[in-house]
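# Examining the three-dimensional arrangement
Residue strings, one per chain:
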Amino acid sequence: MGSETTPKLPLIDFTNLNLEAKSPNWELVKSQVYKALVEYGCFEASFDKFPLELRQAIFASLEELFDLPLQTKLLNVSKKPYHGYVGQYSMVPLYESMGIDDANILENVKSMTNILWQDGNQNFSKTLHSFSEELTELDQIIRKMILESLGVEKYLEEHMNSTNYLLRVMKYKGPQTSDTKLGLSTHTDKNVVTILYQNQVEGLEVMTKDGKWISYKPTQGSFVVMIGDTLHAWSNGRLHSPFHRVMMSGNEARYSTGLFSIPKGGYIIKAPEELVDEEHPLLFKPYDHVDFLKYYYSEKGQRDQFAMHTFCGV
C-alpha cells in the first residue's frame, strides 16, 4: 500500500545572493521563489548572512524582553494597531508580542530599549538592529525577484520606496498539556512580505490552496517567507496570500520574530497595467493600506475572513 507523503513548504537556498551583483544562480532561485509563491504563498529560506552567534543572541534577547514585568512591557505603545505591546487576550491567552517600527535603523531600536530599560540595553539594541538589517536585505532580494518574474521591474524603485518595516517579536507560552491549544487564530497577513524566524518549538501551520494544513517543522537557522494580501492585490492575484495559524502543545515556549514590509500611509496600492488583461481581469480597486486596516480592525472586519475582497474587490 502506498502512503501519502506529508506536504512540506518548498526550501529555497539564498546562499551567496545579494542585491548589488547578480550571482550565477540568481535566475534559478528567482524561478523557485515565483513558483513557490504562486503555489503556496510561502516557502522556507536558508540565508547565509546570519552568523550562529547572532541566531543564538536573538532568542536570548527575546527571553530577556518577555521576562520583563507586564507594566514595563505595556510601555511599548503605538498609535498604529498591533505595532505596540499585544497580550492578555482571552481568545489567544498563550500569545504576546511587541513591535519596533523600522528596526533596521539603530536609533529606533535604542528608543524602544531606553523606554523599557532604565539604562538602555546596548546588547539588545545591537542584536535586534543587526538581525533586522540582514532580514531587510532578504526582503529586498525576494521583492526584486518577484517584480522581475512578473516582468514589471521598471516599478522596482517605487515599490521599494512605498514600504516601511515593522519587526514584531513574539512569545507563545507552552500550554503545559499534550492537547493542542490555539496560539494564534487563522488569518492572512495584510502587508507585502513577511519573514518569520523562530526557535525549534513547532506550532506554525500553513493552509494549502486546497484547504489542507501543513505543519511547519523548522530547519536549523532557516526562515519562512510569506506573501501578504497587499502583494496578492498588487500582483492582481498572481501570488497567493496563505491562511496560517499557530497551534501549541507541550511545555516549551515558542519564540519568533516577524519582519513585515508594510505600505506607507497615503500610498495607493494598485496592480500595474501590465498585469491586467483579458486572462487576468482586475481583481481589486486601488486602495490606501491605512484605510483598509481601519476596516479590517473594525468589529465587522474582524469577523470577515475575506476582508480584502469585501473592502476593495472588483
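Because the structure is predicted, anything quoted here is derived from the model rather than measured. (Residues numbered from 1 in each chain as written. Predicted model: local features only at pLDDT ≥ 70, side-chain atom pairs only at ≥ 80, totals over all residues. Heavy atoms only, no water.)

## Considering the overall build of the chain
Each helix and strand in the chain was counted, giving 10 helices and 13 strands. The C-alpha radius of gyration of the chain comes to 19 Å, within 12% of the 20 Å expected for a compact globule of 314 residues. With the C-alpha coordinates of the chain rotated into their principal frame, the extents come out at 60 × 55 × 45 Å. Of all 314 residues assigned to the chain, the portion counted as buried reaches 54%. Sequence separation of at least 24 residues holds for 76% of the intrachain contacts in the chain that already meet a minimum separation of 6. (Helix = DSSP H or I, 4+ residues; strand = E, 2+ residues; numbered from the N terminus. Rg over C-alpha atoms; globule rule 2.2 N^0.38 Å. Buried < 20%, exposed > 50% of the residue type's maximum accessible area, 1.4 Å probe, protein only. Contact = heavy atoms within 4.5 Å.)

## Thoughts on the packing of aromatic side chains
According to the stated counting rule, one finds 18 aromatic pairs in the structure shown. Taken together, the aromatic side chains of Y82, Y287, F292, Y295, Y296, Y297 and F311 make up a single cluster linked through ring pairs. Just above the ring of W213 sits the side chain of R245; from NZ or CZ to the centre is 3.8 Å. (Phe/Tyr/Trp six-rings, centres within 6.5 Å; stacked < 30°, edge-to-face > 60°. Lys NZ or Arg CZ within 6 Å of the ring centre and 35° of its normal.)

## Focus on the sheet that holds strand β11 (residues 254-263)
Spatially, the seven strands line up as an open sheet ordered β1-β2-β9-β6-β11-β4-β3, and their pairing is mixed. What marks the edges here is a single partner per strand, and that holds for β1 (11-13) and β3 (95-101). Sheet twist, expressed as the mean angle between neighbouring strand axes with direction ignored, is 25°. Both strand β6 (residues 193-198) and strand β9 (residues 223-227) contribute to a ladder of four bridges, which runs antiparallel. Bridge assignment links I195 to a residue of β9, and that residue is V225. Against the sheet, helix α5 (residues 122-150) contacts β2 (42-46), β3, β4 (163-172), β6, β9 and β11, and its axis sits at roughly 120° relative to β4. (Pairing = 2+ DSSP bridges. Axes fitted to C-alpha atoms, helices over the stretch in contact; angles between N-to-C directions.)

## Quick word on the packing of helix α4 (residues 106-116) against α5
The description of two helices packed together rests on the angle between their axes and the distance between the axes. The N-to-C vectors of α4 and α5 enclose an angle of 140°; their axes lie 9 Å apart at closest approach. What the angle tells us is that α4 and α5 run oblique. Judged by the twist between their axes, the crossing of α4 over α5 is right-handed. Judged by residue contacts, L106, V109, K110 and T113 of α4 engage F124, S125, L128 and H129 from α5. Of the residues assigned to the contact of α4 with α5, the class counts are four nonpolar, three polar and one charged. (Parallel < 35°, antiparallel > 145°, perpendicular 65-115°, else oblique. Left-handed = near helix turned anticlockwise from the far one by under 90°. Nonpolar A, V, L, I, M, F, W, Y, C, P; charged D, E, K, R; others polar.)

## Points about the layout of surface pockets
Roughly 1,200 Å³ of volume is contained in the largest pocket. Forming the boundary of the largest pocket are 47 residues, of which Y82, H187, K190, Y296 and Y297 lie nearest the centre. Grouping the amino acids of the lining of the largest pocket by side-chain chemistry returns 22 nonpolar, 15 polar and 10 charged. (1 Å grid on protein atoms, 1.4 Å probe; cavity = no way out; pocket = protein on both sides within 12 Å on 5 of 7 lines; lining within 4 Å. Points joined across faces, edges and corners; volume = space filled by probe spheres on them.)

## Quick word on the environment of W117
Inspection of the secondary structure puts W117 in the loop between α4 and α5. Ignoring anything within four residues of it in the chain, the contact list for W117 reads E64, L65, L68 and F124.

## Focus: unusual backbone geometry
Unusually for a residue other than glycine, N16 sits at a positive phi of about 65°. The class of N16 is exposed, set by a relative accessible area of 57%. The phi angle at D102 is positive, at roughly 45°, despite the residue not being glycine. Here D102 shows up in the loop between β3 and α4.

Treat this as a map of the structure, not an account of what it does.
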